[in-house]
Amino acid sequence: AQRVTQPEKLLSVFKGAPVELKCNYSYSGSPELFWYVQYSRQRLQLLLRHISRESIKGFTADLNKGETSFHLKKPFAQEEDSAMYYCALSGFQKLVFGTGTRLLVSP
Amino acid sequence: GAGVSQTPSNKVTEKGKYVELRCDPISGHTALYWYRQSLGQGPEFLIYFQGTGAADDSGLPNDRFFAVRPEGSVSTLKIQRTERGDSAVYLCASSLSFGTGYEQFFGPGTRLTVL
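How each quantity is defined
- Residues numbered from 1 in each chain as written.
- Chains lettered and ligands numbered in written order.
- Predicted model: local features only at pLDDT ≥ 70, side-chain atom pairs only at ≥ 80, totals over all residues.
- Heavy atoms only, no water.
- Helix = DSSP H or I, 4+ residues; strand = E, 2+ residues; numbered from the N terminus.
- Rg over C-alpha atoms; globule rule 2.2 N^0.38 Å.
- Buried < 20%, exposed > 50% of the residue type's maximum accessible area, 1.4 Å probe, protein only.
- Areas by Shrake-Rupley, 256 points an atom, 1.4 Å probe, with all protein chains shown as cover.
- Lys, Arg positive; Asp, Glu negative; His and termini not counted.
- Charge placed at Lys NZ, Arg CZ, Asp CG, Glu CD.
- Contact = heavy atoms within 4.5 Å.
- Buried area = accessible area lost by both parts, 1.4 Å probe.
- Salt bridge = Lys/Arg side-chain N within 4 Å of Asp/Glu carboxyl O.
- Polar contact = N/O pair within 3.5 Å; in protein donor to acceptor, adjacent residues only side chain to side chain.
- 1 Å grid on protein atoms, 1.4 Å probe; cavity = no way out; pocket = protein on both sides within 12 Å on 5 of 7 lines; lining within 4 Å.
- Points joined across faces, edges and corners; volume = space filled by probe spheres on them.
- Nonpolar A, V, L, I, M, F, W, Y, C, P; charged D, E, K, R; others polar.

Undergrad: Is there a simple way to think about the overall build of chain A in this case?
TA: Across its full length, chain A holds zero helices and 11 strands. In chain A, the succession of helices and strands from N to C terminus is β-β-β-β-β-β-β-β-β-β-β. In summary, chain A has a C-alpha radius of gyration of 13 Å against a globular reference of 13 Å for 107 residues, a match within 12%. Taken along the three principal axes of its C-alpha coordinates, chain A extends 40 × 30 × 25 Å. The buried share of chain A, taken over its 107 residues, is 47%. Only carbon and sulfur atoms are counted for the fraction: they give 50% of the accessible area of chain A, which is about 5500 Å². Separation of charge centres in chain A, based on 14 positive and 9 negative side chains, amounts to 7 Å.

Undergrad: Whenever I open this one, the interface of chain B and chain A confuses me. Can you help?
TA: Quite often, the size of an interface is put as the accessible area lost when its parts meet. In this complex, chain B contributes 23 residues to the contact, which on the side of chain A involves 17 residues. Buried surface at the junction of chain B and chain A, both sides included, amounts to about 1600 Å², of which 50% is carbon and sulfur. Of all residues in chain B, the largest losses of buried area upon contact with chain A belong to P43, T100 and F106 of chain B, amounting jointly to 35% of the total for that side. Counting across the interface, chain B meets chain A through one salt bridge. Summed over the shared surface of chain B and chain A, the result is five residue pairs in polar contact (both at pLDDT 80 or more).

Undergrad: It is not clear to me how the environment of Q80 of chain B should be interpreted in this structure. Could you clarify?
TA: Residues and elements named next belong to chain B. With respect to the helices and strands, the residue Q80 is situated in the loop between β8 (75–79) and β9 (88–95). Look at Q80 and you get partly exposed, because its relative accessible area is 37%. Spatially, the C-alpha atoms of Q80 and Y18 are 4.5 Å apart, while their sequence positions differ by 62 residues. Among all residues touching Q80, those that are not within four sequence positions of it are K17, Y18, D63 and R64.

Undergrad: What is the right way to look at the pattern of salt bridges in this model?
TA: Charged atoms that come close allow side chains of opposite charge to pair. Throughout the structure, instances matching the rule amount to seven salt bridges over all chains. Residue D81 of chain A is joined to K74 of chain A by a salt bridge in which the shortest nitrogen-to-oxygen separation is 2.8 Å. This pair shows no difference in class: D81 of chain A is buried, exactly as K74 of chain A is. D86 of chain B is paired through a salt bridge with R64 of chain B; the nearest N and O atoms lie 2.8 Å apart. In this pair, D86 of chain B is assigned in the loop between β8 and β9 and R64 of chain B in the loop between β6 (53–56) and β7 (65–68), connecting sequence segments 22 residues apart.

Undergrad: Explain the layout of surface pockets to me, please; I cannot follow it from the model alone.
TA: One simple way to see leftover space: roll a probe sized like a water molecule over the atoms. One number sums up the size of the largest pocket: a volume of about 810 Å³. Lining the largest pocket are 34 residues; nearest its centre among them are Q38 and Y86 of chain A together with Q37, V89 and R111 of chain B. For the lining of the largest pocket, the secondary-structure elements that each account for two or more residues are β9 (83–91) and β11 (101–106) of chain A together with β9 and β11 (110–114) of chain B. By residue class, the composition of the lining of the largest pocket is 13 nonpolar, 16 polar and five charged. Put simply, the second largest pocket is a space of about 160 Å³. If you trace the second largest pocket, you find it lined by V4, V96, F97, G98 and T99 of chain A together with R36, Q37, S38, Q41, G42, P43 and E44 of chain B. If you list the elements that add at least two residues to the lining of the second largest pocket, you get β10 (94–97) of chain A together with β4 (31–37) of chain B. Of the residues contributing to the lining of the second largest pocket, the split by class is four nonpolar, six polar and two charged.

This is the structure we're talking about:
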């Protein structure tokens, strides 16, 4: 079965602190993993995907197949990073989402 | 250019009524997806179209739910005999083509409330 687990509903940090949003997945094949973000009053949008291996807005995520994890990291959080973050897995063309983590960055 | 649009933005209906939710994908996008997002949950896949045909409708919860895309562009999600449990935000997404390599662009959603 395909499943994405985001254990934290809320992550609250101060500006400038490091951030790690956890994501674990269950998938029998070779998955494609994504992070989506939803800022306040905006639509859901793609933040990054593991195959790109790129850094977007200072965020990075590494696929660890041994631990079946795809944690999202940023060394220095900014207030504008406050949003809802969803980890997603692509299997057979459709996306399977986790329940999301709300990141709150305080000044 | 214009992104994915969905109408209405909000829909309030009574239990047992029929509703239609509309999605206008990005022009030229051949793949179209419907998701449902309940409170406190992530989006949950319902159905996707490649062109006019439903390529995978395995996420539709029961036969009260049906979706069409007759001309390969606009899609309508139809819900018969609505129940209170159908209350959720219904999201539509489109991508240039079929396959995981193509980014899905999401619409703003339709918030459905069944009283």
